[in-house]
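Residue-level structural notes
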Amino acid sequence: MTPLKLYLWVGLGLFLVVVAGLAYLGWKQTDTMSDFAIASESLGPYVLGAAFAATFFSAATFVGYVGWSYTAGLSNIWLFLALIGASPVALILFAKRVREINIDQHSLSLPDWLGSFYDSQFIRVWAALAVMFNLFYIAAQLDAGALFFTTLLGFSKEIGLTIITVLVVLYVIAGATFADIYTDAVQAVLMAIMGVVVFVSAFWTIGGGPIGTFTKIGAEMHAIDPALTQPTNPESSVFYSVFAIVALFVLEFAFAAQPQLFNKVLAISDPRDLRKMIVTYVVLTLAFILTIFGGFYLLVLDSSLQVADQAIFVYAMDYFPAIVAAFLGLVILSAALSTTDGIFIVLSTAVANDVFLKFLVGEGYIDMGDDRADRVSKYIAQAVVVIVGAIAYYIALTAPFNIGELIWVGISGVAAATVPPIMVGIYFPGFVTRKAAIASMVVGVLGYAVITTVSNSPSVFVRGTYALVLSTAVMVGVSAVTAQEDGVAEIEATTTTGGD
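Basis of the calculations
- Residues numbered from 1 in each chain as written.
- Predicted model: local features only at pLDDT ≥ 70, side-chain atom pairs only at ≥ 80, totals over all residues.
- Heavy atoms only, no water.
- Patch = residues over 30% accessible without salt bridge, like charges linked within 9 Å, V, L, I, M, F, W, Y side chains within 5 Å.
- Areas by Shrake-Rupley, 256 points an atom, 1.4 Å probe, with all protein chains shown as cover.
- Salt bridge = Lys/Arg side-chain N within 4 Å of Asp/Glu carboxyl O.
- Helix = DSSP H or I, 4+ residues; strand = E, 2+ residues; numbered from the N terminus.
- Buried < 20%, exposed > 50% of the residue type's maximum accessible area, 1.4 Å probe, protein only.
- pLDDT = per-residue confidence, 0-100.
- Contact = heavy atoms within 4.5 Å.

1. Points about a nonpolar patch on the surface
Residues Val89, Leu93, Tyr427, Phe428, Phe431 and Val476 make up a contiguous nonpolar surface patch of roughly 490 Å² in combined accessible area. Note on placement: Val476 falls in helix H21 (residues 460-481).

Quick look at the structure:
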């Protein structure tokens, strides 16, 4: 057994012990559906800020986005700028208002919040269906986590996917949101260390000093292919044009309102703590995204890699000490867990809380006492976790997309359906109507499906932006020609009039 594999097996054993312990702690604290979904608003801003960052930056980030650096070259710097610019701005714009509204709404998820804001069971259920697009996001995380077992430990893809899927499913069923946030906060620290280590590694793997190293990287890339050093790269499916790059910024902005992140905002107990949460998130973000430089470095050192998604693993194995390579591999496995568990909770909450508890029981289609309904909803959520795991496993095994693109198939579908009713609603509460929100959400889902099918654009960001612009136009247009109904945005009008 090589030193690398020895360190990997020892580290994996310790990792599983820690995960099992945190899952047990989460299990002991999870009694109600509220506990399962948002940990009953009992966690502080720094923990939630770290968890938000860890959920935002997934294993697909550390694997797929590094692969984009390897294939697209310096044009992937646009992704770096979008991640530190567009997404934090979106969080700042929506988080405070959303959380203030939820003081009165007491919603447990994004569909639940939208249903209460627009006083519509249809919106609640339709949003719950829309978040199912995130099955593709989960599949991307499982695919990235499986690379730990296939690339570093030599397992087959089927076995690697099986291990990571079973691990996440059991973890979420046991610990739910308590365990999700606890481990996310710890993993955020590890991921930040990884980002810094990968960034500074160029000084020993390539050499040349602080300025000479990056000058050398640019020159070597240009020698391989001049397109690798241009602002746009016609051979990239993401950065091939100015509009494609604009679309990247648009969807990175929209990503901040994704449901697995949204529930972190709902989980904070005091809206005044949002500033601390956001600052924690931004600081960690700056450290995380330094990882994408690893793709640039490996491209200069070895341009023969056939599977770009393996770039970070190959770079670590070939150019790092064994113990450091093992640490980085385990961090990527942690990143897969930190995002996937949150999305599992979102999807299971959509079915158990938003469809079963709030719609079927709330509307009297199922006659059940409150305590029993809450208990049954938690069991339904746990059952949905198993079903979602099986479907995501199949998608990961068969999908033709690379990891970086696969996550945005899911994100784009959810964003097209939910971002316009959120953003337009919270800033123009006296303007939006229930009819507009319904029309926008239906057009967002169906429009995205049609656009994805018929568009000849190679960019998942461009296709997603088309759908988002379409659903936003419908939201504004229908609101302009319809009268606002009773019950719509009433809570917003009473909770955002005060100062900080």
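2. Some words on unusual backbone geometry
Even without glycine at this site, Asp119 takes up a positive phi of about 50°. When you line up the elements, Asp119 lands in the loop between helix H6 (110-117) and helix H7 (121-130). With a relative accessible area of 46%, Asp119 lands in the partly exposed category.

3. Concerning the pattern of salt bridges
Applying the stated criterion across every chain, the model contains 5 salt bridges. Across the pair Asp119 and Arg434 runs a salt bridge whose closest N-O atoms are separated by 3.8 Å. One end of the pair, Asp119, is in the loop between H6 and H7; the other, Arg434, is in helix H20 (residues 434-454), with 315 residues separating them in the sequence. With a closest N to O distance of 3.5 Å, Lys435 and Glu485 form a salt bridge. In this pair, Lys435 is assigned in helix H20 and Glu485 in the loop between H21 and helix H22 (490-495), connecting sequence segments 50 residues apart. A single salt-bridge network, built from bridges that share partners, covers Asp112, Arg124 and Lys358.

4. Things to note about the confidence of the model for the protein chain
Atom-level detail of predicted coordinates should not be read off regions where pLDDT is low. Summarising the model, the protein chain shows a mean pLDDT of 83, and 88% of its residues fall at 70 or more. For the protein chain, H22 is the element with the lowest average pLDDT, namely 48, and H21 is the one with the highest, namely 95. In this model, residues 37-41 is a region of pLDDT below 50 whose contacts with residues beyond four sequence positions or in other chains number 22 contacts.

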